[in-house]
Amino acid sequence: MNTVTAVATAAAASTTTLRLPIAGMTCASCAGRIERALAAVPGVLRANVNLATATADIATDGSVATPALADAVTRSGYRVPERTFDLAIAGMTCASCAGRIEKALRAVPGVIDASVNLATERAHVRLSSQVDVAALIAAVEAAGYRASVPVADSAGAPANAPDQEADAADARERRHLWLALALSLPLVLPMLAIPFGVHAMLPGWVQFALATPVQFWLGARFYRAGWHALKARSGNMDLLVALGTSAGYGLSVWHLLAGGHHAPLYFEASAVVIALVLVGKRLETRARRQTTAAIHALQALRPATARMRRGHDETDIPLAQVRVGDEVVVRPGERIPVDGRILEGRTHADESMLTGESLPVARAEGDRVTGGAVNGEGRIVVETTATGAESALARIIRLVEDAQAKKAPIQRIVDRVSAVFVPVVIGIALLTLLGWGLTTGDWNQALLNAVAVLVIACPCALGLATPTAIMAGTGVAARAGILIKDAEALETAQRIRIVAFDKTGTLTQGKPALTEAIALDGDTSSLLSHAAAVQRGSEHPLASAVLEAASLFPISRDIIATGIRAVPGRGVRGHIGANEVCIGSERMMRDAGVDLSLLSSRAEALFASGHTVSWVAASERGERPRLLGLLAFRDTPRAGAREAIARLHALGLRTVMVSGDHEGAARAVATQLGIDHVRANVLPEEKAAAIQQLRQGGVVAMVGDGVNDAPALAAADVGIAMGSGTDVAMHAAGVTLMRAEPALVADAIEISRRTTRKIHQNLFWAFIYNVAGIALAAFGLLDPVIAGAAMAFSSVSVVTNALLLRRWRPQRTSHAIES
């Protein structure tokens, strides 16, 4: 083979090709621009963009990661379509494991990013549509771990209940733990008796017989995981335990074989360290499972079967077989299996586990019900409107799981530390060994001190500090009716300084109520009778308010209006007997020549206080219309809104109302509720700009109903959408409140502050523990057994501290869900 051929062959062998989908191209010049952008990326050998197939074929020298290519496409004005995929990961033991799996997944061509959560044991992968899932699983397995596609349940949410394999593994670990303790106890008891003058050390070969199965059978998991880490040119907690205990065990075997009767043996140190680490792992696993209690509680709300009605027959069928449009019968005391609308019956539904509302809610024919709620006293028939993954319950579960799976920004710092943690610890252990051995000449003690350094170091505490707090915080928030979209929103919410509110539907009920009816002749009953007759059948919010007020007032029910017609932007007209009655705005009255002077001063006062005023006039055929009176409407504040604003002020926050309503109405509500600043006459498309201006004064949260406010919710640092059980998928918001209660805003900020505090506490103690522990061990002040015990319980203490968040309850305890 000549030199040129050899070089060409080597180049071809080192070339990596990748195909990326491209979105947004419209012509050949688009393809050319993307090709030039990709070719400019260092390491790209050539790029060819196909406009017809909307793909880019890229050849690289193997040093280019997919995110760099995707960024180049984005900078050129186009995008790489993404999809996300979750993998269940098994075999992780510490933060270093999570980092190694992330590195392996990101190396797969087509993977844009990967995030591994140690607490949930899930990998969240962002990838282009060209990536095969088998390649992801193979990458994880090559790194020394196991990966599988999460099994979906009938509602489309990943099933988290332990399967038979997990139960078997749990039982096996429990047996190994008890065996390790039983074998280690005879080794450590004589050591504990020495301070009391009792010398009952076991013969060396008996110690060997007891310690060997602990070291190589019950401790085999540490060797396997450590070996996988070494093959991946990395390190983890298992490697540290394997190195430390093997050193102590090996030195003991050497002394035993050398035959020295008085040579020290350290079998008890290696065996007890392994037993204590197994105890710590067992406690840690149990505590971590408690952090997912919120998810399991939500999943438990879904019944396995539903009672289907077909004609006159009722049959129990699996929930997965129910389809949209099917009629489902729910008896008193049963859980409602599907989202739907009540066709028959009335009841009270207990929705506490879904919305946090502790009191049952009245539901009648035509009302919507949510799957997972408990039917109260009535038998109801429900027409199914959503099942499976589209049900409100499944979407809530997905939101909580997504929030628990994503990493907080502060976790990136921890990941960088974890990446170098194990190599640094091994380096310190070697320095300890050489330092003590060379300065004192006592290599036995030098080795024990090095073992203590290896054993005390705990990357697990660092890896669990953030995710366990996030899981506990988002879980308890979900139980209170607060859905937090991701960890970034949780971390940002604790820094909020300004809370901006939309007015209508957020701070107010969102529907006007008739607050005043003034008849010029003093006959309020007649005025309401005429107004109700003309507006009966209208869908306008003001008409609904008139009809609702009229139903509570002693009016004449015999008055019937005919020839009713709406006047767009003005009001409505109709005939009652020989009179034409018109109800509408001041402009409508002036166009008709109605004299408003007798009530104009009162109307101005009402308008200034935030009311909407409608005028009522009547005229006989051919005559000038005469004024009958006016109707004043107001959108009343929500119950507890004033107290909610006061709580925000108590938290040191400024409040702002951003409303499209006129100045008078907005200021009247703001004054009534105690809001600091008002921005009125702001159109929906202008709200985002108003939020951007507010952000100059600090971190801003925008609270809206999620309909007109989506741009403003997205523009804020934290968007808080007020919704209901059927409106949880508000993608523009970082936080969704399941009940339309302003008090939940302060609750959301409070739980975010508490969770962030727990994260900081955990990280502080995890760092301090490792720094202080390694230093004490290096200076010979820690026995390996004590070091092993400290390491075993360090991660347990971090998880336990995070679990304290589960004791949190909203200040308004009537809306908290009891455990």
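Everything numeric in this text was worked out from a predicted model, so none of it was measured.

How each quantity is defined
Residues numbered from 1 in each chain as written. Predicted model: local features only at pLDDT ≥ 70, side-chain atom pairs only at ≥ 80, totals over all residues. Heavy atoms only, no water. Axes fitted to C-alpha atoms, helices over the stretch in contact; angles between N-to-C directions. Helix = DSSP H or I, 4+ residues; strand = E, 2+ residues; numbered from the N terminus. Parallel < 35°, antiparallel > 145°, perpendicular 65-115°, else oblique. Contact = heavy atoms within 4.5 Å. Nonpolar A, V, L, I, M, F, W, Y, C, P; charged D, E, K, R; others polar. pLDDT = per-residue confidence, 0-100. Salt bridge = Lys/Arg side-chain N within 4 Å of Asp/Glu carboxyl O. Buried < 20%, exposed > 50% of the residue type's maximum accessible area, 1.4 Å probe, protein only. Pairing = 2+ DSSP bridges.

Enquirer: Could you give an account of the packing of helix α15 (residues 443–456) against helix α27 (residues 743–778), with specific residues and numbers?
Expert: Contact pair α15 / α27: the axes reach a minimum separation of 8 Å and the direction vectors enclose 170°. Accordingly, the angle class assigned to the pair α15 and α27 is roughly antiparallel. Residues Asn449, Ala452, Val453 and Ile456 of α15 lie in contact with α27, whose contacting residues are Tyr769, Asn770, Gly773, Ile774, Ala777 and Ala778. Its residues assigned to classes, the contact of α15 with α27 comprises seven nonpolar, three polar and no charged.

Enquirer: Any details on the confidence of the model for the protein? Residues and values, ideally.
Expert: The predicted coordinates of low-pLDDT regions are not to be read in fine detail. Confidence along the protein averages 80 in pLDDT terms, with 86% of residues attaining 70 or more. When the criterion is pLDDT under 50, residues 725–729 qualifies, and its contacts beyond four places in sequence or with other chains add up to 14 contacts. Note on residues 813–819: pLDDT under 50 across the span, and 20 contacts to partners over four residues away in sequence or across chains.

Enquirer: Tell me what's going on with the pattern of salt bridges, and back it up with residues and numbers.
Expert: Inspection of every chain in the model, using the stated rule, returns 22 salt bridges. A salt bridge links Arg379 to Glu314, with the shortest nitrogen-to-oxygen separation between them at 2.5 Å. Taken together, the residues Arg379 in the loop between β15 (374–375) and β16 (380–386) and Glu314 in strand β9 (residues 313–318) connect sequence positions 65 residues apart. Assessed through its relative accessible area of 41%, Arg379 is described here as partly exposed. Glu580 is paired through a salt bridge with Arg573; the nearest N and O atoms lie 3.8 Å apart. Residues Glu580 and Arg573 agree in their burial class; the two are buried. One network of salt bridges, in which partners are shared, links Glu82, Glu102, Arg106, Asp113 and Arg126.

Enquirer: I'd love a proper account of the sheet that holds strand β13 (residues 361–363), names of residues and values included.
Expert: Pairing within the open sheet is antiparallel, and its three strands lie in the order β13-β12-β15. The open sheet has two free edges, formed respectively by β13 and β15, since each of these has just one partner strand. Pairing of strand β12 (residues 347–350) with β15, which is carried by two bridges, proceeds in the antiparallel orientation. Paired with Asp350 across the two strands is Val374, which belongs to β15.

Enquirer: Residue-level account of the pairing of strand β3 (residues 55–60), with values.
Expert: Most of β3 is tucked away: five of the six residues are buried. The pairing of strand β1 (residues 16–21) with β3 spans six bridges and is classified as antiparallel. Paired with Leu18 across the strands is Ile58, a residue of β3.

Enquirer: Could you give me a rundown of the sheet that holds β3, with the residues and numbers involved?
Expert: Within the open sheet, the three strands sit side by side as β1-β3-β2. Their pairing is antiparallel. Two strands bound the open sheet, and with one partner strand each, they are β1 and β2 (44–50). For this sheet, the mean angle separating the axes of adjacent strands, direction not counted, is 15°. Sheet strands in contact with helix α2 (residues 28–39) are β2 and β3, and its direction is about 165° off that of β2. Where helix α3 (residues 66–75) meets the sheet, it contacts β1, β2 and β3, and its direction lies at approximately 45° from that of β1.

Enquirer: Would you mind going over the pairing of strand β24 (residues 626–634) in detail, with residue names and values included?
Expert: The side chains of a regular strand alternate, first on one face of the sheet and then on the other. Burial runs high along β24: eight of the nine residues are buried. For strand β19 (residues 513–519) and β24, the ladder comprises six bridges, and the chain directions are antiparallel. Within β24, the residue paired with Leu514 across the bridge is Phe633. Both strand β23 (residues 612–620) and β24 contribute to a ladder of seven bridges, which runs antiparallel. Across the sheet, Thr612 pairs through a bridge with Phe633, a residue of β24. Taking the residues between adjacent antiparallel strands as the criterion, β23 and β24 are bridged by five residues, where Gly622 takes a positive phi near 85°.

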